[in-house]
2 protein chains.
Amino acid sequence: MSHTVEILSVGTELLLGNIANTDAQMLSQGLSELGLNVFWHTVVGDNPQRAREAVALAKSRADIIITTGGLGPTCDDLTKNVLAEAFGKQLVFDEGSAQRIRTYFQRIGRTMTDNNLQQAMLPEGCTVLENDWGTAPGCAFEAEGVHVIMLPGPPSECRPMFQYRARPYLLSLSEGVIASHTIKLFGIGESTMEAQLREQMNAMTNPTLAPYAKEGECELRVTAKAATDREAQDLLQPTVEQMKQLFRDKVYGVDVPSLEYVVLEGLKDKGLTLGTAESCTGGLMAKRLTDVPGASQAFKGGIVSYANEVKQNVLRVPEHLLSQFGAVSSEVAAAMAAGARQVLGCDVALSSTGVAGPDRDENGNEVGTMFVAIATPEGTHVRALRLGARPVRERLRTQTASHAFDLARRYLSGLDYGSGT
Amino acid sequence: MSHTVEILSVGTELLLGNIANTDAQMLSQGLSELGLNVFWHTVVGDNPQRAREAVALAKSRADIIITTGGLGPTCDDLTKNVLAEAFGKQLVFDEGSAQRIRTYFQRIGRTMTDNNLQQAMLPEGCTVLENDWGTAPGCAFEAEGVHVIMLPGPPSECRPMFQYRARPYLLSLSEGVIASHTIKLFGIGESTMEAQLREQMNAMTNPTLAPYAKEGECELRVTAKAATDREAQDLLQPTVEQMKQLFRDKVYGVDVPSLEYVVLEGLKDKGLTLGTAESCTGGLMAKRLTDVPGASQAFKGGIVSYANEVKQNVLRVPEHLLSQFGAVSSEVAAAMAAGARQVLGCDVALSSTGVAGPDRDENGNEVGTMFVAIATPEGTHVRALRLGARPVRERLRTQTASHAFDLARRYLSGLDYGSGT
């Protein structure tokens, strides 16, 4: 039987436009991967009557209802109350959840108020979805042929709660297994990739091939459905290999979390250390590297040289390069990387300098003019980028950091440095 | 009469999670500002039957329906067909729109296909909303007491189409204005804040008061409705003042974008410069500061000293402090801030050191043990934090960086440093 899903989000902040409904996006992606059809997203505010109507409608047309939000004390646990009522269930006190909430507050050293304990009231007979990322537990139950799953609203809780709590529950509802591999690419546009694959994608049914673009990178997801994982893997493997052949050095990994992760793994494999020297990316390269747990095994540190005097005094960029070529130049990018390598005492150093906007720099360089460089025991290489002024500041910085990481992963894999496009 | 709005988005890409529904967020913000109540967001795919049902429902409960998406040739102009049908209207050829589409293709040098001209078929008697940002025109009509506005889906078209086409149309429908102020707080939990305000919040009708939590910070939004902006402001001001009195030094600003923004503004006001020395936050403080356009006027740079040798060699933290107290200690946090101040040549320096996880450090410090410090011309101050191991790594790092910024804004405002809770 094929399941139909409605995602029902409860929160006035969504209707006021304070936040975008990224929970619904994240859930839709995850549910699609499980082979579950999401047919509706609905958002209502913290309003009992409209929430009741939305639940009644969802119950009439979907056989899986996933709710986000409305679980905390600030909305009187609206979602739980309305869902319990719709399915004729009582809310009962769950001592295990209460204990977890008490412990949470002890650990963060904050005072717990009575309304926090309300969160431990859950529909009778439900499966408690323990929340290790916040206070409000989620829950799941089946009644009248409908599966109901309630998740907290904050994205930092909703995401792991789906991944580690709801997903395993839902896996048991889908027949057979769905397996997928994600091929990660850097340096190719989504539309170019899609144009190359369109005919093949349309002709494929199992496995399927789907392209995604995000943050200046591309992903190709290959998904197969079969009776066993082994059979699914056998279906996937030829397509994965074919894609690796087709896109060659644009592929930086399969099923890897990120470009920076691949860089850190490559460094650890070779016993090398890394440092960074950042101007336009302003700490973003270091931040992304240290987002990866265990980064300290290879990443020694970085220097954010926003002011020219920091470039000179800390990174030892010669003054004459700054005055002759300007801070946004190939020469300064190279000197920053070489300086970082020396000052930080690391084997490989990456640097960035450029104009992230909103305005041109004092030398008239356009927004989006960027240089990234790598310094290694074998020498220095600079990649010049013209990313254009259309992307917003944040995206320009993200792309620039990714280009620097691309230099590092190419060095570590013995590939030529390429042009990045 | 008070209007109720439903935003109906049509697009399978939303249900697959390929994109978030940022159109709905943008529209909700804009509509709230106009004093129009958005009660529902609905998303359906490119499916005629479900689109018909969604339109019938919207027509029954809202008196303004705004649609996004489903106007282009790839979905057979689903939205226009379904809405026209629901209100018993024919689609008729609009020569003005056809001419604009032809001109658009000439300008971008692409070949126009016949299905592009389909976009010039519009509901009879509608107001055409000319699209200067893409090809599909929008339209608006009133029928059976319901206002219908159709906008294109791509955010780069939807945003200006709302701003310059739909908004003027809607302005004539709204009575009075809605104004709001957002009070930003740091160092208080949402549930504590909410417990203090619950009675008052429930008693208020105009203005209203709503708490929000995000990323370890809290916000209080005060919203008023009145005939003129002036009157709305007069309604808001006493509540804003009252909240500032109530939460005192926890309030870091009103209508300000972020803590780091407030820090940078405070520095610029006083003509002071800032630097950072980061261990556990690994570049996040510098990244957040440089996310703010114009940060370079006050932020000179930072050092990410992930390895101890970088703490010693670059930040000049004395070796004996590291060996005696360990890298995660109040003493090392203070020495890092003082070192950064000297090395970077800045007036104020912030530092962080701690255990962001996933594991304890080699000295047995628990995950969530953090120290942030500030060095100023007047001396050094350290804040010790126990954030607990439950929040994910990213959140621990975000909170730690925010605590460091909190020290800076307290210094710049002449407040005592406080405990951060």
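Above this note sits the structure.
Scope of this entry: the structure provided in the associated data block.

The rules behind these values
- Residues numbered from 1 in each chain as written.
- Chains lettered and ligands numbered in written order.
- Predicted model: local features only at pLDDT ≥ 70, side-chain atom pairs only at ≥ 80, totals over all residues.
- Heavy atoms only, no water.
- Helix = DSSP H or I, 4+ residues; strand = E, 2+ residues; numbered from the N terminus.
- Buried < 20%, exposed > 50% of the residue type's maximum accessible area, 1.4 Å probe, protein only.
- Areas by Shrake-Rupley, 256 points an atom, 1.4 Å probe, with all protein chains shown as cover.
- Pairing = 2+ DSSP bridges.
- Axes fitted to C-alpha atoms, helices over the stretch in contact; angles between N-to-C directions.
- Contact = heavy atoms within 4.5 Å.
- Buried area = accessible area lost by both parts, 1.4 Å probe.
- Salt bridge = Lys/Arg side-chain N within 4 Å of Asp/Glu carboxyl O.
- Polar contact = N/O pair within 3.5 Å; in protein donor to acceptor, adjacent residues only side chain to side chain.
- Expected span 1.5 Å × (residues − 1).
- Arc of directions from axis to C-beta.
- Right-handed = clockwise from strand over helix to strand, strands pointing away.
- Left-handed = near helix turned anticlockwise from the far one by under 90°.
- Nonpolar A, V, L, I, M, F, W, Y, C, P; charged D, E, K, R; others polar.
- Disulfide = S-S within 2.5 Å.
- Phe/Tyr/Trp six-rings, centres within 6.5 Å; stacked < 30°, edge-to-face > 60°.

### Remarks on the overall build of chain A
Piece 1. The number of helices and strands found in chain A is 15 helices and 17 strands.
Piece 2. Classification of the 421 residues of chain A by burial places 59% in the buried group.
Piece 3. When the accessible surface of chain A is summed, it comes to about 16700 Å², and 47% of that surface belongs to carbon and sulfur atoms.

### A few points about the sheet that holds strand 16 (residues 369-376) of chain A
Piece 1. On the basis of which strands lie adjacent, the open sheet formed by 10 strands has the order 17(A)-16(A)-15(A)-13(A)-14(A)-14(B)-13(B)-15(B)-16(B)-17(B) and mixed pairing. Looking at the sheet topology across the chains shown, the edges are occupied by strand 17 (379-386) of chain A together with strand 17 (379-386) of chain B. Going across the sheet, the axis of each strand differs from the next one's by a mean of 10°, ignoring polarity.
Piece 2. Of the strands in this sheet, strand 13 (274-278), strand 14 (299-305) and strand 15 (348-354) of chain A together with strand 14 (299-305) of chain B are in contact with helix 11 (residues 284-291) of chain A, which crosses strand 13 of chain A at around 150°.

### Re unusual backbone geometry
Piece 1. Looking along the chain, the bond that leaves Asn206(A) and enters Pro207(A) is cis, with omega of 5°.
Piece 2. In this structure, Pro207(A) sits in the loop between helix 8 (190-203) and strand 10 (208-214).
Piece 3. Between Gly357(B) and the following residue, Pro358(B), the backbone shows a cis peptide bond with an omega angle of 10°.
Piece 4. Checked against the element boundaries, Pro358(B) lands in the loop between strand 15 (348-354) and strand 16 (369-376).
Piece 5. Look at Asp255(A): it is not a glycine, yet its phi comes out positive at around 60°.
Piece 6. Within the fold, Asp255(A) resides in the loop between strand 12 (251-254) and helix 10 (259-270).

### Some words on the interface of chain A and chain B
Piece 1. Taken together, the 72 residues of chain A in the interface contact 70 residues of chain B.
Piece 2. A combined buried area of about 6000 Å² lies between chain A and chain B, and 53% of that area is made up of carbon and sulfur atoms.
Piece 3. For the interface between chain A and chain B, the tally reads four salt bridges.
Piece 4. Ionic pairing is found between Arg397(B) and Asp291(A), a salt bridge with its closest N-O pair at 2.9 Å.
Piece 5. In this structure, the connection of chain A to chain B is made through 33 residue pairs in polar contact (both at pLDDT 80 or more).
Piece 6. As paired elements, strand 14 of chain A and strand 14 of chain B share five bridges and run antiparallel to each other.

### A look at the sheet that holds strand 9 (residues 177-185) of chain A
Residues and elements named next belong to chain A.
Piece 1. Spatial strand order, 10-11-9-12: four strands in an open sheet with antiparallel pairing. The open sheet terminates on both sides in strands that have one partner only, identified here as strand 10 and strand 12. Going across the sheet, the axis of each strand differs from the next one's by a mean of 25°, ignoring polarity.
Piece 2. Both strand 9 and strand 11 (residues 217-226) contribute to a ladder of nine bridges, which runs antiparallel.

### Topic: helix 3 (residues 48-61) of chain A
Piece 1. Its 14 residues place the ends of helix 3 of chain A 20 Å apart at the C-alpha level, agreeing with the 20 Å of an ideal helix rising 1.5 Å per residue.
Piece 2. Those residues of helix 3 of chain A not exposed but buried are Arg50(A), Ala51(A), Ala54(A), Val55(A) and Ala58(A). Seen end-on, helix 3 of chain A carries its buried residues on one side only, within an arc spanning 135°.
Piece 3. Close packing links the buried residues of helix 3 of chain A with strand 1 (4-10), strand 2 (37-44), strand 3 (64-68) and helix 4 (78-86) of chain A together with strand 2 (37-44) of chain B.
Piece 4. Two or three places before Gln49(A), at the start of helix 3 of chain A, stands the capping residue Asn47(A), its side-chain oxygen 3.1 Å from that residue's backbone nitrogen.

### Digging into the pairing of strand 13 (residues 274-278) of chain B
Residues and elements named next belong to chain B.
Piece 1. Taking burial as the measure, the five residues of strand 13 include five buried ones, the bulk of the element.
Piece 2. Neither face of strand 13 is exposed, since Leu-274, Thr-276 and Glu-278 on one face and Gly-275 and Ala-277 on the opposite face are all buried.
Piece 3. Inspection of the sheet shows strand 13 paired to strand 14 by five bridges, in the parallel sense. By the bridge assignment, Gly-275 is partnered in strand 14 with Gly-301.
Piece 4. Since strand 13 and strand 14 lie parallel, the crossover through helix 11 (residues 284-291) that links them has a hand, and here it is right-handed.
Piece 5. With five bridges connecting them, strand 13 and strand 15 associate as parallel partners. Bridge assignment links Thr-276 to a residue of strand 15, and that residue is Leu-350.

### With respect to the pattern of salt bridges
Residues and elements named next belong to chain B.
Piece 1. This structure, assessed with the given rule, holds 46 salt bridges over all chains.
Piece 2. A salt bridge links Asp-249 to Arg-410, with the shortest nitrogen-to-oxygen separation between them at 3.0 Å. Here Arg-410 lies in helix 15 (residues 393-413) and Asp-249 lies in the loop between helix 9 (229-247) and strand 12 (251-254), a separation of 161 residues in the sequence.
Piece 3. Classification of Asp-249 by relative accessible area gives partly exposed; the value is 24%.

### Overview of the side chain of Ser9(A)
All names here are of chain A.
Piece 1. For Ser-9, the location among the structural elements is in strand 1.
Piece 2. With relative accessibility at 0%, the residue Ser-9 sits in the buried group.
Piece 3. Side chain to side chain, Ser-9 and Thr-68 meet in a polar contact 3.0 Å long.
Piece 4. Residues in contact with Ser-9, not counting those within four places in the same chain, are Leu-14, Asn-21, Thr-42, Val-43, Val-44 and Thr-68.

### Topic: helix 15 of chain B
Residues and elements named next belong to chain B.
Piece 1. Compared with an ideal rise of 1.5 Å per residue, which puts 21 residues at 30 Å, helix 15 spans 30 Å between its outermost C-alpha atoms and is within 8% of the ideal.
Piece 2. Along helix 15, 18 of the 21 residues are buried, which leaves the element largely enclosed by surrounding structure.
Piece 3. Just past helix 15, the residue Gly-414 takes up positive phi, approximately 70°.

### Quick notes on the packing of helix 8 of chain A against helix 9 (residues 229-247) of chain A
All names here are of chain A.
Piece 1. Close contact between helix 8 and helix 9 brings their axes to 12 Å; oriented N to C, the two are set at 140°. Here the hand of the crossing between helix 8 and helix 9 comes out right-handed. Residues Met-193, Gln-196, Leu-197 and Gln-200 of helix 8 pack against Gln-242, Met-243, Leu-246 and Phe-247 of helix 9.
Piece 2. Its residues assigned to classes, the contact of helix 8 with helix 9 shows five nonpolar, three polar and no charged.

### Here's the deal with the state of the cysteines
By definition, a disulfide links two cysteine residues through a covalent bond between their sulfur atoms.
Piece 1. The final tally for this structure, using the stated rule, is zero disulfides over all chains.
Piece 2. Here Cys126(A) is not disulfide-linked; the sulfur of Cys139(A) is the nearest cysteine sulfur, at 4.5 Å.
Piece 3. Cys139(B) supplies the cysteine sulfur nearest to Cys158(B), a cysteine that is in no disulfide, at a spacing of 13 Å.

### Let's talk about the packing of aromatic side chains
Piece 1. A complete count under the given rule lists nine aromatic pairs over all chains for this structure.
Piece 2. Considering the side-chain rings of Tyr306(A) and Phe299(B), the 5.8 Å spacing of their centres and the 55° angle between planes classify their relative orientation as tilted. With Tyr306(A) in the loop between strand 14 and helix 12 (308-313) and Phe299(B) in strand 14, the pair connects residues from two separate chains.
Piece 3. Residue classification places Tyr306(A) among the buried residues on the basis of a relative accessible area of 16%.
Piece 4. With a centroid separation of 5.9 Å and 20° between ring planes, the pair formed by Trp133(B) and Tyr164(B) is classed as stacked.

### Considerations on the pairing of strand 2 of chain A
Piece 1. Burial runs high along strand 2 of chain A: seven of the eight residues are buried.
Piece 2. Where strand 1 of chain A meets strand 2 of chain A, seven bridges bridge the pair, whose relative direction is parallel. Within strand 2 of chain A, the residue paired with Thr4(A) across the bridge is Asn37(A).
Piece 3. In terms of strand pairing, strand 2 of chain A meets strand 2 of chain B through four bridges, oriented antiparallel. Looking at strand 2 of chain B, one finds that Val43(A) is bridged to His41(B).

Everything listed here is a matter of coordinates, which is why it stays silent on function.
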